[in-house]
Amino acid sequence: RLIAYGLLGVLLILLLTVYSLYLSAQRAPDFYKKALELSREAQQSRAKATEKKVRQVEDGLRRASRDWQLELTLNELNGYLAMESERAGSPLNTGGFQVPQLALEGDRIQLAARLDKNAFAGYLHLSVELAVPEPNRVVVRIHRAWLGKLSLSREKAAQQIEQVLKGQGMRVTLDTKQDVPTLTLDLDLRYDGKTGIVLDNFEIEDGTFKITGSTSR
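First things first, this report covers the structure right here in the doc. (Residues numbered from 1 in each chain as written. Predicted model: local features only at pLDDT ≥ 70, side-chain atom pairs only at ≥ 80, totals over all residues. Heavy atoms only, no water.)

1. Structural notes on the overall build of the protein
So, point 1. Within the protein one finds five helices and 11 strands.
So, point 2. By the burial criterion, 39% of the 217 residues in the protein qualify as buried.
So, point 3. The long-range share in the protein, meaning contacts at least 24 apart out of those at least 6 apart in sequence, stands at 49%.
So, point 4. Split by element, the accessible area of the protein, about 13000 Å² in all, is 54% carbon and sulfur. (Helix = DSSP H or I, 4+ residues; strand = E, 2+ residues; numbered from the N terminus. Buried < 20%, exposed > 50% of the residue type's maximum accessible area, 1.4 Å probe, protein only. Contact = heavy atoms within 4.5 Å. Areas by Shrake-Rupley, 256 points an atom, 1.4 Å probe, with all protein chains shown as cover.)

2. Digging into the packing of helix H3 (residues 40-62) against helix H4 (residues 74-84)
So, point 1. For the pair H3 and H4, the least separation of the axes is 7 Å and the interaxial angle reads 105°. Comparing the axis directions of H3 and H4 gives the class roughly perpendicular. Between H3 and H4, the contacting residues are Arg 40, Gln 43, Gln 44, Arg 46, Ala 47, Ala 49, Thr 50, Glu 51 and Lys 53 on the first element and Asn 75, Glu 76, Leu 77, Asn 78, Gly 79, Tyr 80, Ala 82 and Met 83 on the second.
So, point 2. Class assignment for the residues of the contact of H3 with H4 results in six nonpolar, six polar and five charged. (Axes fitted to C-alpha atoms, helices over the stretch in contact; angles between N-to-C directions. Parallel < 35°, antiparallel > 145°, perpendicular 65-115°, else oblique. Nonpolar A, V, L, I, M, F, W, Y, C, P; charged D, E, K, R; others polar.)

3. What about the environment of Leu 74?
So, point 1. Examined against the element boundaries, Leu 74 turns out to sit in helix H4.
So, point 2. Residues Leu 74 and Thr 208 lie 134 residues apart in sequence; the distance between their C-alpha atoms is 6.1 Å.
So, point 3. For Leu 74, the contacting residues outside a window of four places in its chain are Leu 102, Ala 103, Leu 104, Gly 207 and Phe 209.

4. Observations concerning H4
Along an α-helix, residues three or four apart share an orientation, since each turn contains 3.6 residues.
So, point 1. Within H4, nine of the 11 residues are buried, which leaves it mostly tucked inside the rest of the structure.
So, point 2. Within the sequence span of H4, burial applies to Leu 74, Glu 76, Leu 77, Asn 78, Gly 79, Leu 81, Ala 82, Met 83 and Glu 84.

5. Brief notes about unusual backbone geometry
So, point 1. Of note in the backbone geometry, Asn 136 takes a positive phi value of approximately 60° without being a glycine.
So, point 2. If you trace the backbone, Asn 136 turns up in the loop between strand S4 (120-134) and strand S5 (137-147).
So, point 3. Of note, the phi angle at Asp 206 is positive, near 55°, even though the residue is not glycine.
So, point 4. On the accessibility criterion, Asp 206 (75% relative accessible area) is exposed.

Here's what the structure looks like:
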């Protein structure tokens, strides 16, 4: 009987541990919860502001403009991400990721999304640094990763992201030998099927994402 009680006690501890881990994974970052507390109307308004700015860039490309610049506030971008995630067939819903949202912390971007994959649900949270060291090459350095409140292996998180990006047909390489896991994306951007779009620079200033580039024909 003592052995049976002991085994039941161990089993109970294991169950409580698993349940505790499950609850920790269900806890979304504060910035994520705050971003999604906005009304649907507010999200739509911000999404439309983003789409308007993108159309202005496209109009410039139609007029054979050589240089272009796109500036998006954090709120505008989050509004667009929230609305785009609802669209059927959106690439934002691949790999089990749903409704990504962003926040800024110094020179790092906080990215969170709901993860619903293989009968498991939780919130993936990343702290990343993004740079464009040369035209059409984007480097993403992953400094930290969490699942809810649980710390995750940065390498495993990077591998998961690499798989998702490759599934979208993107050219991406992962380097885990640096001080932090680093993803490098080599972009081949086209407008109207023939105009090459060159991404020259990316920076964050006063809560605004500034992207500049040019075109080649």
